[in-house]
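Working through the structure, step by step
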Amino acid sequence: MNKKIFIKTFGCQMNEYDSDRIYDIVKKIGYEKTDYYEKANCYLLNTCHIRDKAKEKVYHEIGRVKKIFRSKKKPLVIVTGCVAQAEHEEMLKREPFIDLIIGPQSYHKINDKILNFENQKTQREETEFDAISKFEYLNKIKNNNKKISSFLTVQEGCDKFCHFCVVPFTRGPEYSRPFKQVLDEAKYLADNGVKEIILLGQNVNAYSYEGLRLSNLIMELDKISNLERVRYTTSHPKDMTNDLIEAYKYSKKLMPLVHLPVQSGSDKILKLMNRKHTINMYLKIFYELKKINPEIEFSSDFIIAYPGEDKNAFEDTIKLIEEVKFINSFSFIFSPRPGTIASNLQTIEKKEAIKRLEIVQQKLFINQTKMNKSLENKTINVLVENRTDNKKKLFGKSEYMTSVLFDGDDDLIGKIVKVKITNSNQNTLFGQIENQSNQKVA
Ligand code: SAM
Ligand code: SF4
Ligand code: F3S
């Protein structure tokens, strides 16, 4: 009988990609995925460390699992991801229920660790940074993701050391996968029915392999005939080089939504954050891209109430939001992270921080709602991904990543269809499919 693994994923898209790849690996030693944690022989928690309470979330989750399994055979408990990397020693001491701790650059060792544990039953951790071996190993195991939209990690780690961020410590130094390795994985995904590839990296536009850049990858993906859409995330303004900007002129598959985190609209704060870019640099990229294609829109990440953010600096962020009119952005109050330079700085009073976050989110909300409203009565291209959970409607994504719901047949899944938008709210577009005989077969 196959052993069952339950995987719970927190955090960013890269963790989602990693969880899928971890499953591809453990299948080799007989594990099968279950959606019911009570049935699991192995409980794997893939964790995120980006903001506070991350560590507590892990202990809380383990506590829950402990209770469920009080009267049953204990499953093998594995913690992976960025909390595993950052807190491994403390975790093993504090929580004997955890059996294995495996950091993000050691997933290629997971089967050995599991098999050893089955023999010896002693707690272990593996947190070396060894991205080369990891991807060499993963390259031999096919990525069997058959979702219509699939992630593909091309770059991992970060050398930028923004003063607020744990990623350089949890994911290690910047590493770019070999060009051919990435292309082979992309072709394999497309051959298996994937229609959209989202290239991933903590600094995806820092991708560099023997002189080849992210723009080269994008142009190669353009040539894969059964692939329809290409996106990439997350990029850094400093690495938004001319070749990447030019790719928007030449690529037919690159989508017109640019997710480019700015963090703050104030040069003073950007400097304190060690962001290595200014607002002028950011706006230059924005206007250059708008010149290439006026339909390009931006989304961003913001950190609100960073230490030193006075009223003027906060106003600068509001001004930037009004100028760029970001859609689909993420905004969070600054969260001090252990081991980072900003963790020792004087924080802004909580009440004031919440007030500022609400103002920013209100502004972002207005932009997003306006953008969606502007699409009402228009016909847009939608990549159909699946049925909604209640099976009543089809859902897909617009070119700007907004969810679109409409009636239609299952055979449209995986195709780009034309949908006339009849209604919208902040997060969703609702519409009717145009005459099916006019639809393009993807
Ligand atoms: N590499 C990307 C960049 O340079 O913008 C960001 C990657 S990080 C995984 C995702 C987002 O988490 C960041 O853009 C930032 O807004 C947010 N973040 C990171 N550290 C944070 C902290 N200490 N407090 C609040 N938000 C944080
Ligand atoms: Fe973190 Fe991004 Fe800064 Fe790297 S560039 S330290 S991942 S916010
Ligand atoms: Fe979280 Fe690590 Fe991603 S800290 S956001 S899971 S890179």
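Everything numeric here is computed off the predicted structure, so don't read it as measured data. (Residues numbered from 1 in each chain as written. Chains lettered and ligands numbered in written order. Predicted model: local features only at pLDDT ≥ 70, side-chain atom pairs only at ≥ 80, totals over all residues. Heavy atoms only, no water.)

1. Quick look at unusual backbone geometry
In this chain, Thr233 is followed by Thr234 through a cis amide linkage whose omega measures 0°. Looking at the element boundaries, Thr234 is found in the loop between strand E13 (229–233) and helix H9 (242–250). Phi at Gln263 is positive, roughly 75°, even though this residue is not glycine. With respect to the helices and strands, Gln263 occurs in the loop between strand E14 (257–259) and helix H10 (267–273). (Helix = DSSP H or I, 4+ residues; strand = E, 2+ residues; numbered from the N terminus.)

2. Things to note about the site of ligand 1
Taken together, 16 residues form the shell around ligand 1, and within it Gln202, Gln263, Arg275, Asp301 and Ser335 come nearest. In this structure, an oxygen atom belonging to ligand 1 sits 3.0 Å away from a side-chain N or O atom of Arg275. Burial of ligand 1 by the surrounding chains reaches 90%, relative to a free accessible area of 560 Å². (Near = heavy atom within 4 Å. Polar contact = N/O pair within 3.5 Å; in protein donor to acceptor, adjacent residues only side chain to side chain. Areas by Shrake-Rupley, 256 points an atom, 1.4 Å probe, with all protein chains shown as cover.)

3. Some remarks on the pairing of strand E16 (residues 301–304)
With four bridges connecting them, E16 and strand E17 (residues 330–333) associate as parallel partners. By the bridge assignment, Phe302 is partnered in E17 with Ser331. (Pairing = 2+ DSSP bridges.)

4. Section: the packing of helix H8 (residues 214–222) against H9
Between two packed helices, the angle of one axis relative to the other and the distance separating the axes together describe the packing. Here H8 crosses H9 at 20°, and the two axes come no closer than 8 Å. By the criterion of interaxial angle, the relationship of H8 to H9 is roughly parallel. In terms of crossing hand, the pair formed by H8 and H9 is right-handed. Between H8, through Leu214, Ser215, Ile218, Met219 and Asp222, and H9, the contact on the second element is made entirely by Asp243, Leu244, Ala247 and Tyr250. (Axes fitted to C-alpha atoms, helices over the stretch in contact; angles between N-to-C directions. Parallel < 35°, antiparallel > 145°, perpendicular 65-115°, else oblique. Left-handed = near helix turned anticlockwise from the far one by under 90°. Contact = heavy atoms within 4.5 Å.)

5. Focus: the environment of Arg124
Position of Arg124 among the secondary structure elements: in strand E6 (residues 124–126). Classification of Arg124 by relative accessible area gives partly exposed; the value is 39%. Along the backbone, Arg124 and Ile101 are 23 residues apart, and their C-alpha atoms lie at a distance of 6.4 Å. With sequence-adjacent residues up to four places away left out, Arg124 is seen in contact with Leu92, Asp99, Leu100 and Ile101. (Buried < 20%, exposed > 50% of the residue type's maximum accessible area, 1.4 Å probe, protein only.)

6. Here we look at the domain arrangement of the protein chain
The domain architecture assigned to the protein chain consists of domain 1 (3–132), domain 2 (142–255) and domain 3 (379–438). Taking the mean C-alpha position of each, domain 2 and domain 3 sit 26 Å from one another. Across the boundary between the two partners, domain 2 contributes nine residues, which contact twelve residues of domain 3. For the pair domain 2 and domain 3, the summed buried area comes to about 790 Å², and 64% of that belongs to carbon and sulfur atoms. Taken as a group, Ile148, Arg229 and Arg231 account for 62% of the area that domain 2 buries against domain 3, more than any other trio of residues on that side. The tally of links from domain 2 across to domain 3 stands at five residue pairs in polar contact (both at pLDDT 80 or more). Sorting the residues of the side of domain 2 that touches domain 3 by element identifies strand E10 (196–200) and E13 as the ones contributing at least two each. Broken down by class, the residue content of the side of domain 2 that touches domain 3 amounts to three nonpolar, one polar and five charged. (Domains from an automatic or database assignment. Buried area = accessible area lost by both parts, 1.4 Å probe. Nonpolar A, V, L, I, M, F, W, Y, C, P; charged D, E, K, R; others polar.)

7. Some points on the nonpolar core
Grouped together as the largest cluster of nonpolar side chains are 65 residues, with contacts concentrated most on Leu199, Tyr232, Phe298 and Phe326. Contact partners of Phe298, with chain neighbours within four places excluded, come to Leu257, Val258, Leu260, Tyr282, Ile285, Phe286, Leu289, Val324, Phe326 and Ile327. The next biggest cluster of nonpolar side chains, apart from the first, holds 23 residues, and it includes Val26, Leu76, Ile114 and Leu138. (Core = buried A, V, L, I, M, F, W, Y, C linked by side-chain atoms within 4.5 Å.)

8. Describing the site of ligand 2
All residues adjacent to ligand 2 are Cys158, Lys160, Phe161, Cys162, Phe164, Cys165, Val167, Pro168, Asn203, His236 and Arg275. Tallied by class, residues from the shell around ligand 2 come to seven nonpolar, two polar and two charged.

9. Details of the packing of aromatic side chains
In total, this model carries eleven aromatic pairs according to the counting rule given. Centroid distance Tyr306 to Phe334: 5.1 Å. Interplanar angle 75°. Geometry classified as edge-to-face. With Tyr306 in the loop between E16 and helix H12 (311–324) and Phe334 in the loop between E17 and helix H13 (350–374), this pair connects stretches of sequence that are 28 residues apart. Comparing Tyr306 with Phe334, the two get one shared label, buried. Ring-pair connections join several aromatic residues into one group, and the members of that group are Tyr282, Phe286, Tyr287, Phe298, Phe302 and Phe326. It is Lys39 that lies over the ring of Tyr36; its NZ or CZ is 4.8 Å from the centre. Taking NZ or CZ as reference, Lys74 lies 4.5 Å from the ring centre of Phe97, over its face. (Phe/Tyr/Trp six-rings, centres within 6.5 Å; stacked < 30°, edge-to-face > 60°. Lys NZ or Arg CZ within 6 Å of the ring centre and 35° of its normal.)

10. Examining the pattern of salt bridges
The tally for this structure, following the rule as stated, stands at 36 salt bridges. Between Asp24 and Lys27 there is a salt bridge, with its nearest N and O atoms 3.7 Å apart. Between Glu352 and Lys355 there is a salt bridge; the shortest N-O distance is 3.6 Å. Here Glu352 pairs with Lys355, and both are found in helix H13, just three residues apart, close to one helical turn. Since its relative accessible area comes to 15%, Glu352 is described here as buried. (Salt bridge = Lys/Arg side-chain N within 4 Å of Asp/Glu carboxyl O.)

11. Looking at the sheet that holds E10
One open sheet accounts for three strands, arranged E7-E10-E13; its pairing is parallel. The sheet terminates laterally at strand E7 (149–153) and E13, the two strands that pair on one side only. Each adjacent strand pair in this sheet contributes to an overall mean axis angle of 25°, direction not counted. Relative to E13, E10 runs parallel, the two being bridged by five bridges. Across the sheet, Ile198 pairs through a bridge with Arg231, a residue of E13. Most of the contacts of helix H1 (residues 13–26) go to E7, to which it runs at about 95°, and overall it touches E7, E10 and E13.

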